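Structure at a glance
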Amino acid sequence: MHGRFCDGRVALAHQVRVEMGERLLTIAAEDGTPLAHWPLAEIERDGPAFLCAGATLTVDDPKELSRRLPRPPRRADKPWRLVALLAAAPALIVLIWLAIPPLARLAARHVPMEAEIALGDSAHFQMLKAWPACTGPEGGAALWSLTSRVNGSDQARPRRVMVIDSPMVNAVTLPGGTILVLRGLVDKLDTPEQLAGVLAHEIGHVRRRDALAASVRAIGVGALAAIVVGDASGIVGTAAGSLLGFTYSRDDETEADAQALTLLNRADIDPVGMARTFEMLEKIEGSVPEFLSSHPDSSARAAAFLADRQAGRAYRPALSVAQWQALKEICHTEK
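Residues numbered from 1 in each chain as written. Predicted model: local features only at pLDDT ≥ 70, side-chain atom pairs only at ≥ 80, totals over all residues. Heavy atoms only, no water.

Quick notes on the packing of helix H4 (residues 137-151) against helix H6 (residues 192-208)
Helix packing for two helices is described by the angle between their axes and how far apart those axes are. Orientation of H4 relative to H6, taken along the N-to-C sense of each, is 60 degrees, at an axis distance of 9 Å. The orientation of H4 with respect to H6, classified from their angle, is oblique. The two elements H4 and H6 meet at a crossing, and its hand is right-handed. On H6, the residues that touch Leu143, Leu146, Thr147, Val150 and Asn151 of H4 are Pro192, Leu195, Ala196, Leu199, Ala200, Ile203 and Arg207. In terms of residue class, the contact of H4 with H6 is built from 9 nonpolar, 2 polar and 1 charged. (Axes fitted to C-alpha atoms, helices over the stretch in contact; angles between N-to-C directions. Helix = DSSP H or I, 4+ residues; strand = E, 2+ residues; numbered from the N terminus. Parallel < 35°, antiparallel > 145°, perpendicular 65-115°, else oblique. Left-handed = near helix turned anticlockwise from the far one by under 90°. Contact = heavy atoms within 4.5 Å. Nonpolar A, V, L, I, M, F, W, Y, C, P; charged D, E, K, R; others polar.)

Following this line, the structure appears as structure tokens:
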């Protein structure tokens, strides 16, 4: 095999002959004078050239030479590495599980309200593209009246509350204080007291800024870092899609339930309505053991609201019959 050889000390290249032995590659001048002996295991290929000990060799058939060079042995994974990885995985999962929620909660406390509102409004805009707002005027007035009564005179109130025309049985609180009640839930409810309980629960999320903390967990650690260092505005434009799928932690739900009980009691609304809502949701969702769910068990939550009911107390109706009927028809009113 013939080629050109540069020893790396001078720029001059020599015409050479190349012979491959069992362990060495011999490079010799045309007259047979040896110029270099390269251990095969130390030869590296760089495009059309071969390198070793600072010298360079090009040959007339690089593919043939490359084919004849020994391939580097594949490093076998040692069993202990796999064992160590399997042993470390549960600890890593537990660390993430324990660390992310408090970090997200810490970040939420340091986000300016303007940034939180912009984040929630971006998600709200995306949701309205899929499900329009229900605009029945009498129903809208009844909804706001009920919200105001449940919230009371506190300054920390929702920015907006509306029903959107989605068949899903749910209610969503977005960062910044927007509460969206989905039409599928309104259709399933039998009494205004049930809806009052839902609103009280969502207002609890608003006051604790739970939606923002949940959003940070949904968007990811990168967004968490951005928020902590004060660059929350950078995630507003890209986060909305992730917000639509966020979920609250079990502690978030438990604390929101406690807030709801306080609000309903102060508003003189029977908490049995929210208990009936949980019972309805349990039938829809099926029976899931509490330890497998991210939410507290629905039957246990219903029992907590029933236990808070004061025997003999004359609770006031949450809405009049006419108001409740208008609210039930809010998505079916001709626009």
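Let's pick the thread back up.
Considering the pairing of strand S3 (residues 24-29)
A regular strand places its side chains so that they alternate between the two faces of the sheet. Note: strand S2 (residues 14-20) against S3, 5 bridges, orientation antiparallel. By the bridge assignment, Met20 is partnered in S3 with Leu25. Hairpin connection between S2 and S3: a loop of 3 residues separates the two successive antiparallel strands. Judged from the 5 bridges that link them, S3 and strand S4 (residues 34-39) form a sheet pairing that is antiparallel. Among the inter-strand pairings, Ile27 is bridged to a residue of S4, identified as Ala36. Taken together, S3 and the strand that follows it, S4, pair antiparallel across an intervening segment of 4 residues, in which Gly32 is found at a positive phi of about 95 degrees. (Pairing = 2+ DSSP bridges.)

A look at the pattern of salt bridges
Working definition: two side chains of opposite charge can pair if their charged atoms are close together. For the structure on display, the rule yields 13 salt bridges. In this structure, the salt-bridge partner of Arg209 is Glu116, at a minimum N-O distance of 2.6 Å. Of this pair, Arg209 sits in the loop between H6 and helix H7 (210-219) while Glu116 sits in helix H3 (residues 113-130), and the two are 93 residues apart along the sequence. Each member of the pair, Arg209 as well as Glu116, is classed as buried. Residues Glu253 and Arg301 are paired through a salt bridge, measuring 3.5 Å at the closest nitrogen-oxygen approach. Of the two residues, Glu253 sits in helix H10 (residues 250-266) while Arg301 sits in helix H12 (residues 298-308), which places them 48 residues apart along the sequence. Each member of the pair Glu253 and Arg301 is classed as buried. One connected set of salt bridges, linked through shared partners, spans Asp121, Arg159 and Arg160. (Salt bridge = Lys/Arg side-chain N within 4 Å of Asp/Glu carboxyl O. Buried < 20%, exposed > 50% of the residue type's maximum accessible area, 1.4 Å probe, protein only.)

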